[in-house]
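Summary of structural features
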Amino acid sequence: MRISGKYILLWGVLIVLLLPLMQQIKPVMELAPLTGISNFAGKPEFNKDTYWDGKYQEGMNAWLNEQFGFRSFLVRVINQIRYSLFSVSGAPGVVVGKNRELYIESYIDEYIGRNYRGLPVLTDIVSKTKRVQDSLQKMGVDLVVMFAPGKASFRSENIPDQYLKLKRDSTNYASYVNLFNKEGVNFIDLNAHFRNIKGKTFYPFFPKNGAHWNHYAMCIGLDTLLKRIEKVHHIDVPDFDYSQVTLNNSAKGNDYDIGILMNLKKEIPKEVMPYPNYVINELNKEKPDVLVVGDSYWWCLVGDNLPGHFFAKDEYWFYNKDIILNNSKKENKVRYVNLFEQVRKRKTIVLISTEATYYMFPYGFIERLEKMLCVDNKRVWELANARIRPDSAWYAGIVRKAQEAGISAEQQLYLDAKYVLLEEIGNTEEPRNEVIKTIKADPTWFSQIEQKARDEKRSIEEQLILDADYMVKEERKAIYGDAGADTKGQNASGELETIINRIRSDEKWLKYVKEKAILEKRSLEEQLKIEAAFIQANP
C-alpha cells in the first residue's frame, strides 16, 4: 500500500502543530527560561464579574500565551533573526545602536531630553536638597550627590539617528548641574569627569553589551568618593590600589547585562574588559559610617564586596525602598526605619544616580528628610510649651544642660524640643503612617483590623495604630536586630554607658527620664539610651 506524499505532508504538519501542546502538557525537552522577565501572568480565577467585563478572557489569554510549549525557544530564535539580519532588538527597552552597541532606552531618553521633568520641579528638588544638606551639616553629617557616568552620554556616537534627531536643548542632567552649582549643593559629577577623560586612558569604561560602568570605571568612582570623605572629615580611610589589571573576556558582574536581556539563541561574542586586582590596606585606618541611597550603579560595587572594606557598615538603600545590608537584600524595608536615627549617626550620606534615573532622583529620600529635618518652628514651640515647660523635672534638666553648654534656657529648650519632635516623627509617626497606608490598601488585611477592633472594643484608628506600631517594631528587629527597633543600641559605645550612669546617679535627672518614658510609652532602658544618645550628639 502506497502512502501518497500529501498524507505524509499532512501528518508532518499535524505533528509539528501538536509538538507545542505536548511540550506544554508534559515537557519533552528542558529549555532555558527567558531572562529579564519578572512579571508573569498568573492563571486568573473565574468569576461572573470579570467574565462579563472581559478581564477574565484577557487574563486567560495572557496566561495561555506564557504556557505555550517551546515558547522560550521560539522567542530566542525570532530575536536572533531580528538581531543577526536587521540589527534590531526583540527585548523591551533594549536598543541596538550603531556598530551594534547595546543601550537601555531610558539612558537615551535622558540624553535626548525626552523625560525632562521641567525647571520648576527640579528647582524645588534642589532647594530641598540644599536645606537638608545644611541641616545635616549642623549635625556633623556630610550629604553628597554623586552622578555616575551614563552610557548614552559617554557613547553618544553610537546612538541611532532616529533618537538623535529628537534631541532637545533641556535635560534633567544639564538643569541639575546648573542648579547644584548655583545653590551650593555638594556634588560629584562623575558623568562630566568620565567624558573629559574619554580616550585618555588605556582601558575602556563601558562594555559594549552592558548598561553599567565596568569594574575599572567603578573603582575610579569609589576612589573619588573616598578622597572626598577623607578631605571633609579629616580622616585616613583604608588605602585602595586598583592599578594592577587583568584583561579578559569573562564578562563578570554586569558586563553582559544587556546581552542577557536580548534572549538570543546564540550568545553575542564577549569583549575584553579590564578587571582590577584589588589591594586594600585596612590596618590602622578609620572606617566611616556611610549610607548610600541610589540606583543600580552602586550594586556593581556591592557585587564585588567593596563597600565593607572602607565603611563601618555596608548599607545601601536601593531606590530608597530596599535595604541592602552586608549584601543581604531586605525588600521594601526602608519605610520601617527610624529615619532620624539612621541619618544622624552617619559620617556621610551619598545620593547616587545615573542618567537612566535622573528623572526619578532623589527617590523620595530628600523629600522625606526635608519634611522631617526642616520642621516648622511652630511645631517645635508647641511641643516645648505643652509638654516640656510644664514638666518641672524635665525643665530642670533643660536649665542644667543650658548652664553646662553656656547658652540660654530658651535656646536649650528649643534644641531639646526639636530633638524630641524629630525623634517622634522618625521613630513613630512616619513609619507608622506608611504601614497604616499599606494596611488600608489591602482589603483582607483591613478587614482583619476591623474585626480585631470590634473584638477588643477599640476604634478602628486605635487598632490601626497598635498594629502598625507592632509591625514597625518587629520589622526593625528583623532588619537591625533588637537594638535597632528604637535606638542606636548596636552602635552604643562606652561613652553612652558613661552618660547612662551619670543619669542614674542624678536623682532629679533620673526622675525626669522615668516620667518621660511613661509619657512616651517606652521602657526605662529604652528612654535612658535615647537620652544618652542625644547628650552624646549634643555635648
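Here the structure is a predicted model, which is why all the values come from computation and not from measurement.

On to the overall build of the chain, then. Along its length, the chain carries 24 helices and 13 strands. Counting only contacts in the chain whose residues sit at least 6 apart along the sequence, the fraction spanning at least 24 positions is 72%. Surface summary for the chain: the accessible area is close to 27,600 Å², and the carbon and sulfur share equals 54%.

A few words now on the sheet that holds strand β10 (residues 315–318). Across the sheet, seven strands lie side by side as β4-β3-β13-β9-β10-β11-β12; this open sheet has mixed pairing. Each of the sheet's edge strands pairs with one partner strand only, and the pair in question is β4 (187–189) and β12 (328–330). Neighbour-to-neighbour, the strand axes of this sheet turn through a mean angle of 20 degrees, independent of strand direction. Alignment of β10 against strand β11 (residues 322–325), held across four bridges, turns out to be antiparallel. In the strand pairing of β11, Trp 317 is matched with Ile 323. Along the sheet face, helix α6 (residues 119–138) touches β3 (142–147) and β13 (348–353) and points at about 140 degrees away from the line of β3. The strands that helix α11 (residues 215–233) touches are β3, β4, β9 (290–294) and β13; relative to β3, the one it contacts most, it runs at about 160 degrees.

Attention now goes to the packing of helix α20 (residues 443–456) against helix α21 (residues 460–480). Packed helix pairs are specified by the crossing angle of their axes together with the interaxial distance, meaning the distance between the axes. Interaxial distance between α20 and α21 falls to 9 Å at its minimum, and their mutual angle equals 115 degrees. By the angle between their axes, α20 is roughly perpendicular relative to α21. Classified by chirality, the crossing of α21 by α20 is right-handed. Residues Trp 445, Phe 446, Ile 449, Glu 450, Lys 452, Ala 453 and Glu 456 of α20 lie in contact with α21, whose contacting residues are Ile 460, Gln 463, Leu 464, Asp 467 and Met 471. Looking at the contact of α20 with α21 residue by residue, the classes come out as seven nonpolar, one polar and four charged.

A surface patch of nonpolar side chains, amounting to about 410 Å² of accessible area, comprises Ile 81, Leu 85, Phe 86 and Val 88. Residue position: Ile 81 is located in helix α4 (residues 71–86).

Next up on the list: the environment of Gly 97. Along the polypeptide, Gly 97 turns up in the loop between β1 (94–96) and β2 (102–104). Each C-alpha atom, one on Gly 97 and one on Ile 159, is 5.1 Å from the other, the two residues being 62 residues apart in sequence. Setting aside anything within four residues of it in sequence, one finds Gly 97 in contact with Tyr 103, Asn 158 and Pro 160.

A separate point is the environment of Glu 429. Residue position: Glu 429 is located in helix α19 (residues 409–441). What makes Glu 429 partly exposed here is its relative accessible area of 32%. Sequence separation between Glu 429 and Asp 469 is 40 residues; the distance between their C-alpha atoms is 9.2 Å. Other than its neighbours up to four places away in sequence, Glu 429 contacts Arg 379 and Glu 424.

Turning next to the confidence of the model for the chain. Should pLDDT be low for a region, the predicted coordinates there are not to be read in detail. Of all residues in the chain, 81% have pLDDT values of 70 or greater, and the mean over the chain is 83. Within the model, the stretch residues 483–493 combines pLDDT values under 50 with 25 contacts to residues more than four positions away or in other chains.

Turning our eyes to something else, we now look at the packing of α6 against helix α9 (residues 172–183). Running from N to C, α6 and α9 point in directions that differ by 40 degrees, and their axes come no closer than 10 Å. Between α6 and α9, the crossing angle belongs to the class labelled oblique. The handedness of the crossing between α6 and α9 is right-handed. When α6 is examined against α9, the residues Leu 119, Leu 122, Thr 123, Ile 125, Val 126 and Lys 130 are found in contact with a partner set consisting of Asn 172, Ser 175, Tyr 176, Leu 179, Phe 180 and Glu 183. Classifying every residue of the contact of α6 with α9 by side-chain character gives seven nonpolar, three polar and two charged.

All right, on to the pattern of salt bridges then. Taken as a whole and judged by the stated rule, the model has 28 salt bridges. As a salt-bridge pair, Asp 239 and Lys 285 come within 3.3 Å of each other at their nearest N and O atoms. With Asp 239 in strand β5 (residues 239–241) and Lys 285 in the loop between β8 (279–281) and β9, the pair connects residues that are 46 residues apart, well separated along the chain. Residue classification places Lys 285 among the partly exposed residues on the basis of a relative accessible area of 22%.

Before going further, it helps to examine the packing of aromatic side chains. Across all of its chains, the model carries 33 aromatic pairs by this definition. Ring centres of Phe 180 and Phe 361 lie 6.3 Å apart, and the angle between their planes is 80 degrees; this geometry places the pair in the edge-to-face category. With Phe 180 in helix α9 and Phe 361 in the loop between β13 and α16 (365–373), this residue pair connects regions lying 181 residues apart in the sequence. Ring centres 5.9 Å apart and planes at 65 degrees place the aromatic pair Tyr 216 and Tyr 242 in the edge-to-face group. Of this pair, Tyr 216 sits in helix α11 while Tyr 242 sits in the loop between β5 and β6 (245–248), and the two are 26 residues apart along the sequence. By relative accessible area, Tyr 216 is classed as buried at 14%. A relative accessible area of 14% means that Tyr 242 is categorised as buried. Stacked on the ring of Phe 154, the Lys or Arg Lys 198 has its end atom at 5.1 Å from the ring centre. Directly above the aromatic system of Tyr 275 lies the positively charged group of Lys 252, at a separation of 5.0 Å from the ring centroid.

Scoring rules and cut-offs
- Residues numbered from 1 in each chain as written.
- Predicted model: local features only at pLDDT ≥ 70, side-chain atom pairs only at ≥ 80, totals over all residues.
- Heavy atoms only, no water.
- Helix = DSSP H or I, 4+ residues; strand = E, 2+ residues; numbered from the N terminus.
- Contact = heavy atoms within 4.5 Å.
- Areas by Shrake-Rupley, 256 points an atom, 1.4 Å probe, with all protein chains shown as cover.
- Pairing = 2+ DSSP bridges.
- Axes fitted to C-alpha atoms, helices over the stretch in contact; angles between N-to-C directions.
- Parallel < 35°, antiparallel > 145°, perpendicular 65-115°, else oblique.
- Left-handed = near helix turned anticlockwise from the far one by under 90°.
- Nonpolar A, V, L, I, M, F, W, Y, C, P; charged D, E, K, R; others polar.
- Patch = residues over 30% accessible without salt bridge, like charges linked within 9 Å, V, L, I, M, F, W, Y side chains within 5 Å.
- Salt bridge = Lys/Arg side-chain N within 4 Å of Asp/Glu carboxyl O.
- Buried < 20%, exposed > 50% of the residue type's maximum accessible area, 1.4 Å probe, protein only.
- pLDDT = per-residue confidence, 0-100.
- Phe/Tyr/Trp six-rings, centres within 6.5 Å; stacked < 30°, edge-to-face > 60°.
- Lys NZ or Arg CZ within 6 Å of the ring centre and 35° of its normal.

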